[in-house]
Amino acid sequence: MTNPRETNRAGERGFTLIELLVVITIMAVLAALIFPAFGAVKRRATISKAQTELQEIRTAIELYKDKLGFFPPDNPGLPALNPLYYELLGTAQIDATTFETLDKTARMTVVGFVRAFSGLDTNNNVVPSGVSGFINCTRAAGDEAVPAKSFLRSLKPGQYAVGRNNGVEVRLLTCTVPWPNNLPPVLSTFVPDEASVKPNPWRYNSSNPTNNPGSYDLWVDVIIRGKTNRISNWSQQAQIVATP
């Protein structure tokens, strides 16, 4: 006859070592299956966000061309340091020396323009961009130029960066997917006001596009799990490129 006390002790028995090892093994297998899938979902979401922002800028650029007859100017040799923010939002020359965006959020002097969109050579000398001023710009009264128009509205935080380039305040269109803090900045001369986040500016080439001849190249690189994914207007899919 079974002793009731022995029955109770058997029911209260915990897992054996073998049973624990089996449970741990199963959990490890499930983790190995789930984590890659989770990573793939996160990558797709990040790429989708960048592609949506790409389309917003493309639409604004096309509207710009429809109105003015040509694409916005770029910055030859420095595709990440371009005047797209100002050209797509529109500016007005409020006096002989100053430009202001149509939404009145940013100003830049005529003299400062040259430094704002210029790079530096190996001796830290300013290398002019070759662009002399904003084109989508309302000039002084009496000028026959077409009044400026805003083609890009409701920019969200992260879609532009405010900082200084060669000591001049400048704004750049950026992707909301930030540049990793452990990598060198995309623009070595650009010092963002918000130092905690490295901006990821959109690169733009309309003077000599290599992927869309006769049009323009627009792209941004986003780093996901150590890989550089290029989001561009010449490929519907993100491209893995070798270097940032």
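Bear in mind that the values here come from a model prediction, so they are computed numbers and not experimental data.

1. A closer look at the overall build of the chain
And step 1. A tally of helices and strands in the chain yields 4 helices and 13 strands.
And step 2. Put simply, the chain has 244 residues, and 38% of those count as buried.
And step 3. Counting only contacts in the chain whose residues sit at least 6 apart along the sequence, the fraction spanning at least 24 positions is 51%.
And step 4. On the chain, roughly 14300 Å² of surface is accessible, and the fraction owed to carbon and sulfur atoms is 58%.

2. Observations concerning the packing of aromatic side chains
And step 1. Enumeration according to the criterion identifies 13 aromatic pairs in this entry.
And step 2. Ring centres of Y85 and Y160 lie 5.8 Å apart, and the angle between their planes is 45°; this geometry places the pair in the tilted category. Placement of the pair is Y85 in helix α3 (residues 84–89) and Y160 in strand β7 (residues 160–165), with a sequence separation of 75 residues.
And step 3. Owing to a relative accessible area of 2%, Y85 belongs among the buried residues under this scheme.
And step 4. With centroids separated by 4.9 Å and ring planes inclined at 25°, the aromatic side chains of Y86 and F134 adopt a geometry described as stacked. Note that Y86 is positioned in helix α3 and F134 in the loop between β5 (126–127) and β6 (137–138), a separation of 48 residues in sequence.

3. So, the pairing of strand β11 (residues 217–224)
And step 1. For β11, the buried fraction is high: 7 of the 8 residues fall into the buried class.
And step 2. Relative to β11, strand β10 (residues 203–205) runs antiparallel, the two sharing 3 bridges. From the neighbouring strand, N205 faces β11, where its bridge partner is D217.
And step 3. In this sheet, strand β12 (residues 227–232) lies alongside β11 in antiparallel orientation, the contact comprising 6 bridges. Bridge pairing in β12 places W219 opposite S232.

4. What to know about a nonpolar patch on the surface
And step 1. Taken together, the side chains of L17, L20, L21 and I24 make up a nonpolar region of the molecular surface, amounting to roughly 410 Å² of accessible area.
And step 2. Within the secondary structure layout, L17 lies in helix α2 (residues 17–68).

5. What about the sheet that holds strand β9 (residues 190–192)?
And step 1. The strand order across the open sheet formed by 3 strands is β8-β7-β9, and the pairing between neighbours is antiparallel. Taken across any chain shown, the strands that pair with only one partner, and hence form the sheet edges, are β8 (168–173) and β9. Neighbour-to-neighbour, the strand axes of this sheet turn through a mean angle of 45°, independent of strand direction.
And step 2. The pairing of β7 with β9 spans 3 bridges and is antiparallel. The partner of G163 across the bridge, within β9, is P192.

6. Examining the sheet that holds strand β13 (residues 239–241)
And step 1. Reading across from one edge, β10-β11-β12-β13 is the order of the 4 strands in this open sheet, with antiparallel pairing throughout. Strands with a single pairing partner mark the edges of an open sheet, and in this sheet they are β10 and β13. The sheet shows a mean angle of 35° between the axes of neighbouring strands, direction not considered.
And step 2. Both β12 and β13 contribute to a ladder of 3 bridges, which runs antiparallel. Residue pairing across strands places R230 opposite Q239, the latter belonging to β13.

7. A look at unusual backbone geometry
And step 1. Positive phi, close to 55°, is recorded for S154, a residue that is not glycine.
And step 2. Relative to the helices and strands, S154 resides in the loop between β6 and β7.
And step 3. Since its relative accessible area comes to 65%, S154 is described here as exposed.
And step 4. If you check the backbone angles, N166 has positive phi at about 55° while not being a glycine.
And step 5. Looking at the element boundaries, N166 is found in the loop between β7 and β8.

Reading guide: rules and limits
- Residues numbered from 1 in each chain as written.
- Predicted model: local features only at pLDDT ≥ 70, side-chain atom pairs only at ≥ 80, totals over all residues.
- Heavy atoms only, no water.
- Helix = DSSP H or I, 4+ residues; strand = E, 2+ residues; numbered from the N terminus.
- Buried < 20%, exposed > 50% of the residue type's maximum accessible area, 1.4 Å probe, protein only.
- Contact = heavy atoms within 4.5 Å.
- Areas by Shrake-Rupley, 256 points an atom, 1.4 Å probe, with all protein chains shown as cover.
- Phe/Tyr/Trp six-rings, centres within 6.5 Å; stacked < 30°, edge-to-face > 60°.
- Pairing = 2+ DSSP bridges.
- Patch = residues over 30% accessible without salt bridge, like charges linked within 9 Å, V, L, I, M, F, W, Y side chains within 5 Å.
- Salt bridge = Lys/Arg side-chain N within 4 Å of Asp/Glu carboxyl O.
- Axes fitted to C-alpha atoms, helices over the stretch in contact; angles between N-to-C directions.

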